[in-house]
2 protein chains.
Amino acid sequence: MPCTISISAPSYSITPFFTFTSSKSTQISHISHTPPKSLTTQTRKTTSSHHFQRLITKATVSIEKETPESERPDTFLRGVDNDGATASSVRARFEKMIREAQDKVCNAIEQADGGGKFKEDVWSRPGGGGGISRVLQDGAVWEKAGVNVSVVYGQMPPDAYRAAKGAAAASSDQKPGPIPFFAAGISSVLHPKNPFAPTLHFNYRYFETDAPKDAPGAPRQWWFGGGTDLTPAYIFEEDVKHFHSVQKQACDKFDPTFYPRFKKWCDDYFYIKHRDERRGLGGIFFDDLNDYDQEMLLSFATECANSVIPAYIPIIEKRKDLPFTDHQKAWQQLRRGRYVEFNLVYDRGTTFGLKTGGRIESILVSLPLTARWEYDHKPEVGSEEWKLLDACINPKEWL
Amino acid sequence: MPCTISISAPSYSITPFFTFTSSKSTQISHISHTPPKSLTTQTRKTTSSHHFQRLITKATVSIEKETPESERPDTFLRGVDNDGATASSVRARFEKMIREAQDKVCNAIEQADGGGKFKEDVWSRPGGGGGISRVLQDGAVWEKAGVNVSVVYGQMPPDAYRAAKGAAAASSDQKPGPIPFFAAGISSVLHPKNPFAPTLHFNYRYFETDAPKDAPGAPRQWWFGGGTDLTPAYIFEEDVKHFHSVQKQACDKFDPTFYPRFKKWCDDYFYIKHRDERRGLGGIFFDDLNDYDQEMLLSFATECANSVIPAYIPIIEKRKDLPFTDHQKAWQQLRRGRYVEFNLVYDRGTTFGLKTGGRIESILVSLPLTARWEYDHKPEVGSEEWKLLDACINPKEWL
């Protein structure tokens, strides 16, 4: 039975449907983060998608309720999306990519952990779509590691689509039906135990609308979004440089403007306004990206997802067994508290997921196993804790 | 320098200005919690205050930035509010009441703790108002206990007030200035260490508008709000009955409808929608209360504040030294996680405070020292943990 969810939230993107990511931006990002002023690369195209998104996010969205599954299906795509003619579609290839990335990351985490094993939950939705949540809890290295994929088929209100088609179409006498959309994404948050081993978050997602049934020639809309970011409790400069350099390498293969642009976007997005601090030391973040060639962006998202292991695992190997004090553990727990504050108060994916009745356990697996709040805690000026806080308040160029 | 804060949040009440309370409801409460259908007591009067509130909450509010003080002043009232002629005003007597309640509760907590001492922070605002935050952290009995009072003088936009005065006044050519308001409140969250000793929250507040300078005869508006609620990790039925019976006694001294009405309001307010659970086992909660005699409501709020110690301390004395297992401690920590979820996601006072740049450390002292999130944790059916969860899902009548 489809479950229609009415939302009155002012401005959320559709993309947050994908499980628990903590990096789902919305139109708000575009307003506050200042999109690049000039992008004249050949691949850029102009669409009304941003305006379109602003409209759909103000309206009612419907999504079906999920049901648990005992087996992983080969695909969460609907049959019509998965026959011979459409197996090469972007949606099919994106799903394949995120499923493979989930397997690779989980294998790498289990191997590095050397003890913990992922628990898997699979679910589907009657009309197509579903997801796989994998969580490793209380392992040898990670206190909580979640790697989720999901595919969503939903409906958006017709007014949004009519507006997107322009004034002429909007004034047509014909009243269009709701617009089906497709969304797929991978989301992961990895919280290690050792306070010198950083938390990692990544999320990559793809969004597409169908043409409405009564206007088959109407254009499809699509976007990519995502990012990878690092949240240490202590700064090892070589680790942060390594992490950012892998992100930059992935970006530079596609466009020299990507790294500086998405690095800044990341610093702007993971901002805890009431603290005037970033959650961590950043990485890359982008959203609602459609002003480049679609194939190029699919390759870029794939490259980013494949960069997670080389960006992160070498850092873990170096730090996972370092000795630490109770004081250092308590500081890590305080930073975990900040992680909780960001995710519950600001993260668009989390807040949207909570409001729309998504799969709660998948949404909140992003929260750490343990966190701490001390009243008016201030690290000693010049201390290692102070240095981390300073870098969260004043984002640095690491490369 | 006055600091003007523009908010675009859809519907917040003014009342959440008072530091860190986790019980500040708004107009939303009135819509979702269904006000009583018939209240025909003699003290009831009709005003346009609910409509008025709905309007002011949609608009811009200004409040000054606080500055730290080394000494506690005798009063946070402005001089004009504190001369001989006005010392008997409701605002003056309410401030006196909450200051005394803060002293009494802090003394009782220190005595029961037998080790920890409150740390005090005092602040003021240039144009009047200020607050006192007291926090006892990592004591013998409590891991974190915060008891805050605050007094706020602010400005609300004129359109809200014009609307409140009715259509005739609103159509006047004279453009009124901003409307000054006064607010004062006490807020407290007490998190014990022992998993059998419950968390307590209480908050009582008073709100008043001035007549605008250019319309001195215009009526003042005023409201009371507040409540006291209990959040255990394990149910001792005698404890919950004792707690609720003290709340009922306080209510019954004023109106026999108060306890059933405010008990339900409490169950409705402390609702974690995405979990379909209440935060705890309730108590009493009310907001925007002005449809009774003002003196009667001042006495009622005073009675409620004075009931905190007899409602709570006897429970603590019985439970603070009970032996417990790691499993029981972990369950308490999971419930602390729910406390964090409620306060950061739903509590109007917290979310409003975070958005408007209130004193962050006072706002977030309501969060526990430590909290925990396990993926897909489900207590065994019939266990003590399951019984608590069941009572949070299905609120019970305890008396």
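Residues numbered from 1 in each chain as written. Chains lettered and ligands numbered in written order. Predicted model: local features only at pLDDT ≥ 70, side-chain atom pairs only at ≥ 80, totals over all residues. Heavy atoms only, no water.

## Let's talk about the pairing of strand β5 (residues 129-137) of chain A
Residue and element names in this part refer to chain A.
- Along β5, eight of the nine residues are buried, which leaves the element largely enclosed by surrounding structure.
- Pairing of strand β4 (residues 119-124) with β5 involves six bridges; the strand directions are antiparallel. For Asp 121, the partnering residue across the bridge sits in β5 and is Ser 133.
- Where β4 folds back onto β5 in an antiparallel hairpin, the turn is made up of four residues, including Gly 128, whose phi is positive at roughly 115°. (Buried < 20%, exposed > 50% of the residue type's maximum accessible area, 1.4 Å probe, protein only. Helix = DSSP H or I, 4+ residues; strand = E, 2+ residues; numbered from the N terminus. Pairing = 2+ DSSP bridges.)

## Some remarks on unusual backbone geometry
Residue and element names in this part refer to chain B.
- Within the chain, Asp 138 stands out as a residue other than glycine whose phi angle is a positive 55°.
- By secondary structure assignment, the location of Asp 138 is in the loop between β5 (129-137) and β6 (142-156).
- With phi around 55°, Asp 276 is a residue other than glycine that occupies positive phi space.
- For Asp 276, the position within the fold is in the loop between β10 (271-272) and β11 (277-278).
- The exposure class assigned to Asp 276 is partly exposed, which follows from its relative accessible area of 40%.

## What about the relation of the copies chain B and chain A?
- For the match of chain B to chain A, the screw axis carries a shift of 0.0 Å, the RMSD comes to 0.0 Å, and the turn is 180°. What the superposition gives is, in effect, a two-fold axis relating one chain to the other. When C-alpha distances to the rotation axis are compared across chain B, the minimum falls at Ala371(B), with a value of 2.6 Å. (Least-squares fit on C-alpha atoms with pLDDT ≥ 70 in both.)

## Describing the layout of surface pockets
- Its boundaries defined by the atoms lining it, the second largest pocket holds a volume of some 590 Å³.
- In terms of lining residues, the second largest pocket is bounded by 29 residues, among which Arg275(A), Asp376(A), Lys378(A), Ile360(B) and Glu361(B) are the most central.
- If you list the elements that add at least two residues to the lining of the second largest pocket, you get α10 (326-346) and α13 (384-393) of chain A together with β3 (67-69), β4 (119-124) and α12 (360-363) of chain B.
- Among the elements that make up the lining of the second largest pocket, the one with the highest residue count is α10(A) (four residues).
- A per-class count over the lining of the second largest pocket returns ten nonpolar, four polar and 15 charged. (1 Å grid on protein atoms, 1.4 Å probe; cavity = no way out; pocket = protein on both sides within 12 Å on 5 of 7 lines; lining within 4 Å. Points joined across faces, edges and corners; volume = space filled by probe spheres on them. Nonpolar A, V, L, I, M, F, W, Y, C, P; charged D, E, K, R; others polar.)

## Remarks on the packing of aromatic side chains
All names here are of chain A.
- The tally for this structure, following the rule as stated, stands at 52 aromatic pairs over all chains.
- Aromatic pair Phe 258 and Phe 300: ring centres 4.8 Å apart, planes at 50°, arrangement tilted. With Phe 258 in helix α7 (residues 258-269) and Phe 300 in helix α8 (residues 294-306), this pair connects stretches of sequence that are 42 residues apart.
- By relative accessible area, which is 1% here, Phe 300 ends up buried.
- Above the plane of the ring of Phe 236 lies Arg 319, whose end atom (NZ or CZ) is 3.8 Å from the centre. (Phe/Tyr/Trp six-rings, centres within 6.5 Å; stacked < 30°, edge-to-face > 60°. Lys NZ or Arg CZ within 6 Å of the ring centre and 35° of its normal.)

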